[in-house]
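Secondary and tertiary structure notes
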Amino acid sequence: TIFKAYISKDYKTGLEAVENLKPTAQTDGETLYYLSSYYAILGDKENSLNTLEKAIEAGYFNYTFMVNNDYFVSLKNNTRFEKLLSQAKQKHLDIKELLAH
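The structure displayed is predicted, hence computed values, not measured ones.

This next bit is on the overall build of the protein chain. Counting secondary structure elements, the protein chain contains six helices and zero strands. Computed over C-alpha atoms, the radius of gyration of the protein chain comes to 14 Å, within 12% of the 13 Å expected from 2.2 N^0.38 for 101 residues, which places it in the range of a compact globule. In terms of overall dimensions, the protein chain has a C-alpha envelope of 50 × 30 × 20 Å along the principal axes. Classification of the 101 residues of the protein chain by burial places 35% in the buried group. Pairs at least 24 apart in sequence give 58% of the contacts found in the protein chain among residues at least 6 apart. Carbon and sulfur atoms make up 52% of the accessible area of the protein chain, which totals about 6200 Å². Averaging the positions of the 12 positive and the 13 negative side-chain charges in the protein chain gives two centres separated by 4 Å.

In structure tokens:
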């Protein structure tokens, strides 16, 4: 439903579908991340950023994937988005260093 709504530019229907998924994803970082990306492609920047922040706090910080995800193209020059990416990058580097030892 989300992608069909995006393709047909029926963003309201797509955002309703994301909202319906939201209750199932309150603590799962990866699911929150995907919800964040859906908000982004459907034009809801505020919910995208809020959900991305929750995803990172919940332990999802796949920086390489985040920085290359085209769903976030509308946020590429957003200061808050850049700060969140920076947080994810630092967590990514921290865990990489921890695993190296």
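A grouping of Phe-3, Tyr-6, Ile-7, Tyr-11 and Tyr-71 is seen on the molecular surface, where their side chains present a nonpolar patch of about 480 Å² in accessible area. If you tally residues by element for the nonpolar patch, the top one is helix α1 (residues 2-7), at three residues. Of note, Phe-3 is situated in helix α1.

Next up on the list: the environment of Thr-64. Here Thr-64 lies in helix α5 (residues 63-68). By relative accessible area, which is 44% here, Thr-64 ends up partly exposed. For the pair Thr-64 and Ala-88, spaced 24 residues apart in sequence, the C-alpha separation works out to 9.4 Å.

Thresholds applied
- Per chain, residue numbering runs from 1 following the sequence as it is written.
- Whole-chain, interface and lining totals are the exception, using all residues; otherwise, since this is a predicted model, local features are given only for residues with pLDDT of at least 70 and side-chain atom pairs are given and counted only at 80 or more.
- Values shown for side chains rest on all heavy atoms present in the structure; no hydrogens or waters enter the calculation.
- Comment: elements are numbered from the N terminus, with helices defined as DSSP H or I runs of at least four residues and strands as E runs of at least two.
- We take the radius of gyration over the C-alpha atoms and set the globule estimate at 2.2 Å times the residue count to the 0.38 power.
- Throughout this description, buried means an accessible area under 20% of the type-specific maximum (1.4 Å probe, protein chains only), exposed means over 50%, and partly exposed covers the range between.
- Two residues form a contact once any of their heavy atoms are found within 4.5 Å.
- To be clear on the numbers: accessible area is Shrake-Rupley with a 1.4 Å probe, and residue cover counts the displayed protein chains and nothing else.
- Think of it this way: Lys and Arg go in the positive column, Asp and Glu in the negative one, and His and the chain ends go nowhere.
- Taken as the charge location is NZ of Lys, CZ of Arg, CG of Asp or CD of Glu.
- Two joining distances apply to patches: 9 Å for like charges and 5 Å for nonpolar side chains (Val, Leu, Ile, Met, Phe, Trp, Tyr), and every residue must have over 30% relative accessible area and no salt bridge.
- Salt bridge, as applied in this entry: a Lys or Arg side-chain nitrogen positioned within 4 Å of an Asp or Glu carboxyl oxygen.

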